[in-house]
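Residues per chain, in single letters:
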Amino acid sequence: MTSLSSELKIKNMMLRNRLVLPPITTNYGSSKGLVTQAVLDFYRDRAKDVGLVIVEATSVQATGRIVPGSLGLWDDSQVSPMAGLVKTIQKQGASALVQLSHAGPRCPPVPGKRHGFSPSGVRFRPDVDPIVMNAGDIGQLIRDFSRAALRAQKAGFDGVEIHGAHLYLLSQFLSPLTNRREDEYGGDAKGRAFLALEIVREVRKNLGPDYPLFFRINAEERIPGGLVLKDALVMAKLLKDAGVDVFDVTLIAQGGWKEAEGKTWLTGSSALPKDLPSGANVALAAAFKKETGLPVIAVGKFGMGDAALCAVQDENIDLIAVGRQMICDPETAKKMLTERDLDIIACEECLQCFASIGRSEPMACKINPDLPGGRS
Ligand SMILES: Cc1cc2nc3c(=O)[nH]c(=O)nc-3n(C[C@H](O)[C@H](O)[C@H](O)COP(=O)(O)O)c2cc1C
């Protein structure tokens, strides 16, 4: 019977078990988007026991970073330091993917640069005026995703994940909240998926048929007018046909509109509210598996208890991502695999990890003092 310790083969990548470190923006990179010692330390400590590490959102353009210390693969000079990170992870026995991303209008202001790319100009922060992307901007973005993917392959990653979730740029194209375009990149689910499909096809063409290609997608957005599961599943089938191998299924669990000083902007968070239990997103991931037949990753407060094992054994979920609990206690994966989950040092869901990077500071944790951001 499948357990958390069972192996899994995806294309030419063999995973030693079913646990995944999901992408976690640390803000530990250099101002030039390069890997630092703090980045190496963070991933080394968390690659020891999981089957797969997905390195944090890594920007395909200099103006697409989530935080000032986001990693980048927009330039050839970033390949060699990234290769050092890949080796560090693989040396611990885990496979390594990188999440390719563009933050769109959620990137911090970049003085002197044209930035804040957006499908339709919806604001995400008061200090960045979104720019509605024209055909030239879209063509450039497709090229930059595919070049970054090639750089990832060159750096030795076992695969790539495209960040199509959490209301960053590609996710904004998928979402009816943020995509009001009337050209071929907007409209119904198929139209809103058009850009993601072009990117997936281009990346697949460049990386070859055997290279694992994951896509992170919101199953739904729990904001009035947000993406609904039915549409996300339509998109998933199209993305599968375009070349996606695995769906990393997440969501916008909470969010809404804010207003101050005459400006209105949208916010959204992937963290489940405190009152929802461990594994509350399993049914969403299971729906993607049923619809597409592809392997899926489920995420959401996994760690203590039997939710992860039940998801794998009873719901046929392929992979389990453990986020905040791995920030708080890097031994979490080992404890889960050896049925010592009661020894896990519990995450209190205080959201200091999100808050610290939101302030453009290095990621910190209330419980774990061993992070570069310290205890916050
Ligand atoms: C500090 C922090 C940074 C994150 N950065 C990313 C990111 O770069 N890309 C991404 O897709 N998700 C990101 N996430 C979301 C996580 O991958 C995960 O989906 C989320 O934390 C829910 O899982 P959990 O309940 O196990 O923490 C981040 C989460 C946290 C706490």
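What comes next concerns the included structure. The model shown is predicted, which means the values in this text are computed figures rather than measured ones.

### Overview of unusual backbone geometry
- Phi is positive for Glu339, which is not a glycine, with a value near 55 degrees.
- Inspection of the secondary structure puts Glu339 in the loop between helix 11 (332-337) and helix 12 (352-358).
- For Ser360, which is not glycine, the phi dihedral falls at a positive 65 degrees.
- Within the element layout of this structure, Ser360 appears in the segment after helix 12.

### Let's talk about the site of the ligand
- In the region of the ligand, 27 residues are neighbours, and Pro22, Pro23, Ala57, Gly323 and Arg324 sit closest.
- Within the residue set of the shell around the ligand, elements represented by two or more residues are strand 4 (52-59), helix 10 (324-328) and helix 12.
- With three residues, the top contributor of residues to the shell around the ligand is helix 12.
- Residues of the shell around the ligand, tallied by class, amount to 14 nonpolar, nine polar and four charged.

### Topic: the environment of Thr332
- With respect to the helices and strands, Thr332 occurs in helix 11.
- The exposure class of Thr332 is buried, given the 28 C-beta atoms found within 10 Å.
- When the C-alpha positions of Thr332 and Val322 are compared, they lie 8.5 Å apart, and in sequence the two are ten residues distant.
- Look past the residues within four positions of Thr332 in its chain and what remains in contact with it is Gly303, Val322, Gln325, Met326 and Ile344.

### Section: the packing of helix 2 (residues 79-91) against helix 3 (residues 135-155)
- At a minimum axis separation of 8 Å, helix 2 and helix 3 run at an interaxial angle of 50 degrees. Accordingly, the angle class assigned to the pair helix 2 and helix 3 is oblique. The chirality of how helix 2 crosses helix 3 is right-handed. Of helix 3, the residues touching helix 2 (which contributes Val79, Met82, Ala83 and Val86) are Arg151, Lys154 and Ala155.
- Taken together, the residues of the contact of helix 2 with helix 3 sort by class into five nonpolar, no polar and two charged.

Scoring rules and cut-offs
- Each chain carries its own residue numbering, running from 1 in the direction its sequence is written.
- Local features in this predicted model are restricted to residues whose pLDDT is 70 or higher, and side-chain atom pairs enter the listing and the counts only when it is 80 or higher, whereas totals over whole chains, interfaces and linings include all residues.
- Secondary structure elements follow DSSP: runs of H or I of four or more residues count as helices, runs of E of two or more count as strands, with numbering from the N terminus.
- Note on definitions: a residue is near a molecule or strand provided its C-beta atom, placed from the backbone, lies within 6 Å of it.
- Residues were grouped as follows: Ala, Val, Leu, Ile, Met, Phe, Trp, Tyr, Cys and Pro as nonpolar; Asp, Glu, Lys and Arg as charged; and all remaining residues, including Gly, as polar.
- Exposure criterion: with C-beta atoms placed from backbone coordinates, a residue whose C-beta has 20 or more other C-beta atoms within 10 Å is buried, one with 12 or fewer is exposed, and one in between is partly exposed.
- C-beta atoms are placed from the backbone for every residue, and two residues are taken to be in contact when these atoms lie within 7 Å.
- Axis lines are fitted to C-alpha atoms, over the contacting stretch for helices. Their N-to-C directions set the angle, which ranges from 0 to 180 degrees.
- Angle categories: roughly parallel below 35 degrees, roughly antiparallel above 145, roughly perpendicular from 65 to 115, and oblique for all the rest.
- A crossing counts as left-handed when the near helix is turned anticlockwise from the far one by less than a right angle, and as right-handed when that turn is clockwise.

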